[in-house]
Amino acid sequence: MWKYKTIDNFLEKRHFDLLCSKIKDMKGIHPTSWKRWVHQIDANGKMLYSHGPITDDGKDLAPGILSDEEVIDIFNTYNSRFLEILSELAPQKVPLYKSSGISLILTGPKKRYPAHTDVSSQILSTVIYLNPEKNRGTIIADNKELNNSTEIEWKQNRGMIFCGEKHVTWHD
């Protein structure tokens with residue numbers, strides 16, 4: 001199995017509460033659908049872009065769910081921690097670091113992501129479980145069929161962090 005790290009109580013309470021408040025309204029999302037908001041900031045803390053929600057049908061592109069100030073605050077609070085984790089998991093990837101992305105993904109209660117690996121430009125991936133209090137976690141495996149899999153247990157404010165590698169770090 002590939003390397004990953006789990007960290008409980010990953011976010012400070014103020015950030016956990018902020019992110020939960022941004023996605024608290026599940027109305028308007030189909031039970032088998034999802035929406036994603038994307039915010040990108042460069043390695044020096046300069047905002048690059050914010051947009052969303054992106055839906056599974058590609059419609060409804062609008063402004064991001066977080067303000068630029070909120071994104072910069074989150075970046076300033078956690079960026080050094082992410083770089084330390086990147087150094088631990090894949091030190092050879094540290095020189096590749098150019099920017100950080102913050103995506104909030106809201107999934108309907110019956111939505112299951114298909115098994116996938118992350119794009120190669122995404123050198124460190126982090127999933128932080130927000131809401132609901134209880135849910136199914138992330139399945140990780142060595143192949144697309146999710147054979148020899150492990151489930152990262154869902155726990156609010158648990159971070160699951162890994163360095164994506166195409167055709168290696170399969171997860172749903």
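From a predicted model like this one, the values you see are computed outputs, not experimental measurements.

Residues lying three or four places apart along an α-helix face the same way, a consequence of the helix completing one turn every 3.6 residues. Residues His15, Phe16, Leu18, Leu19 and Cys20 constitute the buried set of helix H1 (residues 13–22). Residues of H1 that are buried sit in contact with helix H2 (68–89) and strand E4 (99–107).

Throughout the structure, instances matching the rule amount to 6 aromatic pairs. Here a set of aromatic residues connected by ring pairs shows up, and it is made of Trp2, Tyr4 and Phe162. Of note, Arg81 hangs over the ring of Phe10, and the distance from its end group to the ring centre comes to 4.1 Å.

Peptide bonds are mostly trans, and most non-glycine residues show a negative phi. Cis geometry marks the peptide bond from Asn131 to Pro132; its omega dihedral reads 5 degrees. Examined against the element boundaries, Pro132 turns out to sit in the loop between strand E5 (125–128) and strand E6 (138–141). The phi angle at Asn148 is positive, at roughly 50 degrees, despite the residue not being glycine. Exposure remark for Asn148: the relative accessible area of 56% places this residue in the exposed category.

Formed by 31 residues in total, the largest nonpolar core has its most connected members in Leu66, Leu104 and Leu130. Broken down by secondary-structure element, the contributors of at least two residues to this core are H1, strand E2 (34–42), H2 and E4. No other element matches the 7 residues that H2 contributes to this core. Each residue touching Leu130, except ones within four places of it in the same chain, is listed here: Leu11, Phe16, Leu19, Cys20, Ile23, Leu104, Trp154 and Gln156. Within the second largest apolar cluster, 7 residues are counted, among which are Trp2, Ile140, Trp154 and Met160.

Attention shifts here to the sheet that holds strand E8 (residues 159–162). Ordered by their spatial adjacency, 3 strands build an open sheet running E1-E8-E5, and the pairing between neighbours is antiparallel. If you trace the sheet from one side to the other, it starts and ends with strand E1 (4–7) and E5, each paired once. Between one strand and the next, the sheet's axes are offset by a mean angle of 15 degrees, whatever the strand orientation. Direction of pairing for E1 relative to E8: antiparallel, over a ladder of 4 bridges. Its bridge partner being in E8, Tyr4 is matched across the sheet by Phe162.

How each quantity is defined
- Residues numbered from 1 in each chain as written.
- Predicted model: local features only at pLDDT ≥ 70, side-chain atom pairs only at ≥ 80, totals over all residues.
- Heavy atoms only, no water.
- Buried < 20%, exposed > 50% of the residue type's maximum accessible area, 1.4 Å probe, protein only.
- Helix = DSSP H or I, 4+ residues; strand = E, 2+ residues; numbered from the N terminus.
- Contact = heavy atoms within 4.5 Å.
- Phe/Tyr/Trp six-rings, centres within 6.5 Å; stacked < 30°, edge-to-face > 60°.
- Lys NZ or Arg CZ within 6 Å of the ring centre and 35° of its normal.
- Core = buried A, V, L, I, M, F, W, Y, C linked by side-chain atoms within 4.5 Å.
- Pairing = 2+ DSSP bridges.
- Axes fitted to C-alpha atoms, helices over the stretch in contact; angles between N-to-C directions.

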